[in-house]
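# Topology and contacts: notes
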Amino acid sequence: MVLQDLEEVFALKIRIKYSKLGNLRFIGHLDVMRYFQKEIRRAGLDVCYSKGYSPHQIISFAAPLAMGITSDGEYFDGEFESVTSSQEMIDALNSVSVDEMRVSECVLLPDDAKNSMSVVSASDYVITFEDKTPSDEIQLIRDNVAGFMIQNEIVILKKTKKSEREENIKPGIMTCELRDNSIYMLLFTGSEYNLKPELVMQALYAYTGIEHNPFHYHIHRLETYMNGPDGQTMPLYKAGRSF
């Protein structure tokens, strides 16, 4: 048997927060992944690659958005061979990016940190109405938010490719209220329970007695959260530190 010298390699775990705005809301998650793979190469960052016949960048994304939703609180984690500083990495990525996809945070995670996909617990959203939406529809929806939330159950018909079933989504809604004439929601997100804001809006329209039209409003994600040491939710980037 021939003994080989094995070099121990330590990768740096970095968490990056970015926005997805404007027309980029119409590109899907796989396109976002490919976008950042190319952006990391163009920025010249020293990202780690997997071993084997088809090496790929070691990056993973948290709670991907549905098509048509914009966000200021998207995240991905990456492993890097070396780094410069938080601000230099942010500047490097933004220098080769479009205005609708901008990096705002870059933090170094502890060695034992779990990836963002596995720790996501909640997301919050603001829903604004489009200019073309009838004013009486907007007012009726706004007037019914409080009554909608004091229900003991909020049951919807959830459709999948194979079946339909009723589901009580009330436990997944932490907050749903009016804020500055918009609707604010804080919802459970993640592998344990994942509630989409579109389903909440469908239920709100049904409660109000108005035919649901997804083109009458716009959904924007504000932030993506994890559970902190004290049990309170905190933004994903708070798990690390600037460097």
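Above this text you will find the structure in question.
Residues numbered from 1 in each chain as written. Predicted model: local features only at pLDDT ≥ 70, side-chain atom pairs only at ≥ 80, totals over all residues. Heavy atoms only, no water.

Let us now look at the nonpolar core. Formed by 28 residues in total, the largest nonpolar core has its most connected members in I127, I169, I173, I183, M185, V200 and M201. Those elements that place two or more of their residues in this core are β5 (120–129), α4 (135–149), β8 (173–179), β9 (182–188), α5 (197–208) and β10 (217–227). Ranked by residue count, the leading element in this core is α5, at six residues. Residues within four places of I127 in sequence aside, it is in contact with S182, I183, M185, M201, Y217, H218 and I219. Formed by 23 residues, the second largest nonpolar core is a distinct cluster that contains Y18, F36, F61 and M89. (Core = buried A, V, L, I, M, F, W, Y, C linked by side-chain atoms within 4.5 Å. Buried < 20%, exposed > 50% of the residue type's maximum accessible area, 1.4 Å probe, protein only. Helix = DSSP H or I, 4+ residues; strand = E, 2+ residues; numbered from the N terminus. Contact = heavy atoms within 4.5 Å.)

Take the packing of α4 against α5 next. Where α4 meets α5, the closest approach of the two axes is 9 Å, and the angle between their N-to-C directions is 100°. Taken together, the axis directions place α4 and α5 in an arrangement best described as roughly perpendicular. Across from E137, L140, I141, N144, V145, G147 and F148 in α4, the residues of α5 making contact are V200, A203, L204, Y205, Y207 and T208. Across the contact of α4 with α5, the residue classes break down as nine nonpolar, three polar and one charged. (Axes fitted to C-alpha atoms, helices over the stretch in contact; angles between N-to-C directions. Parallel < 35°, antiparallel > 145°, perpendicular 65-115°, else oblique. Nonpolar A, V, L, I, M, F, W, Y, C, P; charged D, E, K, R; others polar.)

To continue, consider the pairing of β8. Relative to β9, β8 runs antiparallel, the two sharing six bridges. Paired with E177 across the strands is Y184, a residue of β9. Between β8 and β9, which pair antiparallel and follow one another directly, the connecting turn spans two residues, one of which, D180, has a positive phi of 55°. (Pairing = 2+ DSSP bridges.)

Time to look at the state of the cysteines. Under the counting rule described, the total for this entry stands at zero disulfides. In this structure C106 is a free cysteine whose sulfur lies 14 Å from that of C48, the closest cysteine sulfur available. (Disulfide = S-S within 2.5 Å.)

This part is about the pattern of salt bridges. All told, the structure shown has six salt bridges when counted by the stated rule. The salt bridge involving R15 is made with D77; its shortest N-O contact spans 2.8 Å. Taken together, the positions of R15 in strand β1 (residues 12–20) and D77 in strand β3 (residues 70–80) put the pair 62 residues apart, joining distant regions of the chain. The two residues R15 and D77 agree in class, both being buried. Notably, a salt bridge pairs R165 with E167, separated by 3.3 Å at the nearest N-O pair. Judged by its relative accessible area of 44%, R165 falls in the partly exposed class. For E167, a relative accessible area of 11% puts it in the buried group. (Salt bridge = Lys/Arg side-chain N within 4 Å of Asp/Glu carboxyl O.)

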